[in-house]
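What follows is each chain in one-letter form.
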Amino acid sequence: MAFQPLEHVLGKLQIQGKSDQKPLQRVLGHWEEIVGAVVAAQTRPLTMQRGVLRVATSSAAWANNLIYERQRILDKLNTKLGLNLTDIRFSSAEWYSHQESALSPGTEQQRLLWQEHPSRLSEQLPPVGRRVTDPKDAIAAFRNWANIMRARSQQLPYCPQCRCPTPPGELERWQVCAHCATKRW
């Protein structure tokens, strides 16, 4: 029996320890580190089958945006965790069915992230006009919504590029509204 260097033996033990843990558990343990706190608050890995990781997102918009980051996330997961993933599927369909309890740290983290989000409107906005509590039909509901949005947006500054009412946080962060900022990217 030949003796092997200590580093070689420890390296084998570390690899064996990683392989003992289920791949999805490893993904869950490193998810926030790989995708970042903002994305982790809006996503939740669900299952891993045949090299495909399924991830629930809080909205269809998040799912759509993350499709463009899919390859970068795949590369990070495969490199960092030694996985052999071939694809990631993002969907908002199972977000609420797998929602964690209200006491989970993720929910608190989401609330804190929303408090600092540039598109968030302050709660000190002036009260909007009279709200119809039970609209008679879809047209009345739409008119009610349009009146509320019009009243709310009258107090907002305008985007210097498209002249649309814009939350002040977006102007502070990007100097234009979020829509105009995404056009630049």
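The structure presented is a predicted model; accordingly, all values stated were derived computationally and were not measured.

### Quick look at helix α2 (residues 23–35)
Reasoning step 1: Relative to the 18 Å expected for 13 residues at 1.5 Å per residue, α2 spans 17 Å between its end C-alpha atoms, a close match to the ideal helical length.
Reasoning step 2: For α2, the set of buried residues is Arg 26, Val 27, Trp 31, Ile 34 and Val 35.
Reasoning step 3: Gly 36 sits one or two residues past α2 and shows a positive phi near 100 degrees.

### Topic: unusual backbone geometry
Reasoning step 1: Residue Arg 50 is not a glycine yet carries a positive backbone phi of 50 degrees.
Reasoning step 2: Take Arg 50: it is sitting in the loop between β1 (43–49) and β2 (52–57).
Reasoning step 3: Residue Gln 175 is not a glycine yet carries a positive backbone phi of 65 degrees.
Reasoning step 4: Along the chain, Gln 175 turns up in the loop between α8 (168–174) and α9 (178–184).

### Description of the layout of surface pockets
Reasoning step 1: Its boundaries defined by the atoms lining it, the largest pocket holds a volume of some 820 Å³.
Reasoning step 2: Forming the boundary of the largest pocket are 21 residues, of which Val 38, Trp 62, Asn 65, His 117 and Trp 174 lie nearest the centre.
Reasoning step 3: For the lining of the largest pocket, the element with the most residues is helix α4 (residues 60–67), which contributes four residues.
Reasoning step 4: Class assignment for the residues of the lining of the largest pocket results in 11 nonpolar, six polar and four charged.

### As for the packing of aromatic side chains
Reasoning step 1: Inspection of every chain in the model, using the stated rule, returns one aromatic pair.
Reasoning step 2: Ring centres 5.7 Å apart and planes at 35 degrees place the aromatic pair Phe 142 and Trp 145 in the tilted group. Here the residue Phe 142 and the residue Trp 145 both occupy positions in helix α7 (residues 138–153), the gap between them amounting to three residues, near one helical turn.
Reasoning step 3: For Trp 145, a relative accessible area of 48% translates into the label partly exposed.
Reasoning step 4: We note Arg 44 situated over the ring of Trp 95; from NZ or CZ to the ring centre the distance is 4.1 Å.

### Considerations on the environment of Ala 40
Reasoning step 1: Positionally, Ala 40 belongs in helix α3 (residues 37–42).
Reasoning step 2: Residue class for Ala 40 comes out buried when judged on its relative accessible area of 16%.
Reasoning step 3: In this structure the C-alpha to C-alpha distance between Ala 40 and Gln 110, which are 70 residues apart in sequence, comes to 9.3 Å.
Reasoning step 4: With residues near it in sequence (within four places) discarded, Ala 40 still touches Trp 31, Glu 32 and Val 35.

### Focus: the pattern of salt bridges
Opposite charge on two side chains permits them to pair, given that their charged atoms come into close proximity.
Reasoning step 1: Following the criterion strictly, the structure yields five salt bridges and no others.
Reasoning step 2: The partner of Asp 87 in a salt bridge is Arg 70, with the nearest N and O atoms 3.3 Å apart. With Asp 87 in strand β3 (residues 87–91) and Arg 70 in helix α5 (residues 70–81), this residue pair connects regions lying 17 residues apart in the sequence.
Reasoning step 3: What makes Arg 70 partly exposed here is its relative accessible area of 28%.
Reasoning step 4: A salt bridge links Arg 89 to Asp 87; the shortest N-O distance between them is 3.2 Å.
Reasoning step 5: Judged by relative accessible area, Arg 89 falls into the partly exposed class, the value being 49%.

Cut-offs and rules
- Residues numbered from 1 in each chain as written.
- Predicted model: local features only at pLDDT ≥ 70, side-chain atom pairs only at ≥ 80, totals over all residues.
- Heavy atoms only, no water.
- Helix = DSSP H or I, 4+ residues; strand = E, 2+ residues; numbered from the N terminus.
- Expected span 1.5 Å × (residues − 1).
- Buried < 20%, exposed > 50% of the residue type's maximum accessible area, 1.4 Å probe, protein only.
- 1 Å grid on protein atoms, 1.4 Å probe; cavity = no way out; pocket = protein on both sides within 12 Å on 5 of 7 lines; lining within 4 Å.
- Points joined across faces, edges and corners; volume = space filled by probe spheres on them.
- Nonpolar A, V, L, I, M, F, W, Y, C, P; charged D, E, K, R; others polar.
- Phe/Tyr/Trp six-rings, centres within 6.5 Å; stacked < 30°, edge-to-face > 60°.
- Lys NZ or Arg CZ within 6 Å of the ring centre and 35° of its normal.
- Contact = heavy atoms within 4.5 Å.
- Salt bridge = Lys/Arg side-chain N within 4 Å of Asp/Glu carboxyl O.

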